[in-house]
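The lines below spell out each chain.
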Amino acid sequence: MTTFVLIPGAACGSWHWHLLEAELRARGRAVVSVDLPCEDDAAGLEEYADAVVAATAGRGRLMLVAHSFAGFTAPLVCARVPVEVLVLVAAMVPLPGEAPDEWWAATGHPDAQVRRAGRAAQRAGDGTGAEGVPEAAVPGSAADPFFQDLPPELAAEAAVRWRRQSETPAARPGPMQTWPDVATRFLLCRQDRLFPAPFLRAAAAERLGVVPDEMAGGHFPMLSRPVELADRLERYGATTAG
């Protein structure tokens, strides 16, 4: 049986996958939802990969599902354990040796204000924000780059669940030497405010040489559309096996 390995993005944890995990388990699927050491200032991307490898010990037929910043972690895992398919969901795609902090300018991300709004929202959610609540920290607000398509109560809970994200992995040169020789799928969300669809279409084409698949929704489809996302992951697994 394929094991779906869910790898969170920056400042996130296994909770942000909980609706998708429940949907997959209800279908009889094996799921591992990983918590990364994102609050540990001594941990870089290699330690993030260590956490995923440890969580998948003894399991075969792995599908890695990497969200957002986890696009930097997942290729490192593929180089260390057998992976059948890698699914990048609204994810960053690194080049060999590229530091995450360099990625934004290198890819031509179109809106630095959106990035700053996102970091402000995360810091406010994890309790380390400055005095006052920035508009971006109000779930569902006009400036919210993450949860604008969630029901209000779920959006508020998702914002409270932010973890402190250390800057360590973003500042270090990326340890990836080459993109892994693993079947790779890229899925973008057409209403994503953090990584707009035209931007990700170009990034996927330039860095992976692929035309991404697309679905409706914002940056967190695992919360806004868990059933549709589960359907797509199952199809990816079936196609790869075929």
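Residues numbered from 1 in each chain as written. Predicted model: local features only at pLDDT ≥ 70, side-chain atom pairs only at ≥ 80, totals over all residues. Heavy atoms only, no water.

Labelled according to an unreviewed UniProt entry, the chain appears under the name Alpha/beta hydrolase, originating from Streptomyces nigrescens.

If you walk through the whole model with that rule in mind, you get 12 aromatic pairs. Relative to phenylalanine 195, the ring of tryptophan 104 lies with its centre 5.7 Å away and its plane at 45°, an arrangement referred to as tilted. Here tryptophan 104 is found in helix H4 (residues 100-107), whereas its partner phenylalanine 195 is found in the loop between strand E5 (183-189) and helix H8 (197-208), with 91 residues between them in sequence. Taking relative accessible area as the criterion, tryptophan 104 reaches 15% and is therefore assigned buried. Its relative accessible area of 1% is what places phenylalanine 195 among the buried residues. When the centroid spacing of 6.2 Å and the interplanar angle of 45° are considered together, the rings of phenylalanine 195 and phenylalanine 199 count as tilted. (Phe/Tyr/Trp six-rings, centres within 6.5 Å; stacked < 30°, edge-to-face > 60°. Helix = DSSP H or I, 4+ residues; strand = E, 2+ residues; numbered from the N terminus. Buried < 20%, exposed > 50% of the residue type's maximum accessible area, 1.4 Å probe, protein only.)

To continue, consider the sheet that holds E5. With respect to topology, six strands assemble into an open sheet ordered E2-E1-E3-E4-E5-E6, the strand pairing being parallel. Each of the sheet's edge strands pairs with one partner strand only, and the pair in question is strand E2 (30-33) and strand E6 (213-215). Within the sheet, the average angular offset between the axes of one strand and its neighbour, ignoring direction, is 20°. Where strand E4 (residues 83-89) lies against E5, five bridges are found, and the strand directions are parallel. (Pairing = 2+ DSSP bridges. Axes fitted to C-alpha atoms, helices over the stretch in contact; angles between N-to-C directions.)

In an α-helix there are 3.6 residues to a turn, and that puts residues three or four apart on one side. Regarding H4, the residues found buried are Pro100, Trp103, Trp104 and Thr107. Down the axis of H4, the sector holding all buried residues measures 95°, keeping them to one side. (Arc of directions from axis to C-beta.)

Our focus in this paragraph is the side chain of histidine 109. Note on placement: histidine 109 falls in the loop between H4 and helix H5 (112-125). Looking at histidine 109, the relative accessible area reads 13%, which means it is buried. A polar contact of 2.7 Å, which involves the side chain of histidine 109, links it to the backbone oxygen of leucine 194. Among all residues touching histidine 109, those that are not within four sequence positions of it are Trp104, Leu194, Phe195, Pro196 and Phe199. (Polar contact = N/O pair within 3.5 Å; in protein donor to acceptor, adjacent residues only side chain to side chain. Contact = heavy atoms within 4.5 Å.)

Tracing the sequence through the fold places glutamate 214 in strand E6. Separated by 90 residues in sequence, glutamate 214 and alanine 124 place their C-alpha atoms 30 Å apart. Leave out the neighbours within four places in its chain, and glutamate 214 touches Leu187, Leu188, Arg190, Arg201 and Arg232. Polar side-chain contacts of glutamate 214 include one of 2.6 Å to the side chain of arginine 201.

Core analysis: the biggest nonpolar cluster contains 75 residues, and Leu20, Leu64, Phe147, Leu223 and Leu233 have the highest contact counts within it. Considering every element that reaches this core, the biggest residue donor is E4, with six residues. If we ignore the near neighbours within four places in the chain, the residues touching leucine 223 are Trp15, His16, His18, Leu19, Phe147, Leu150, Leu154 and Ala158. (Core = buried A, V, L, I, M, F, W, Y, C linked by side-chain atoms within 4.5 Å.)

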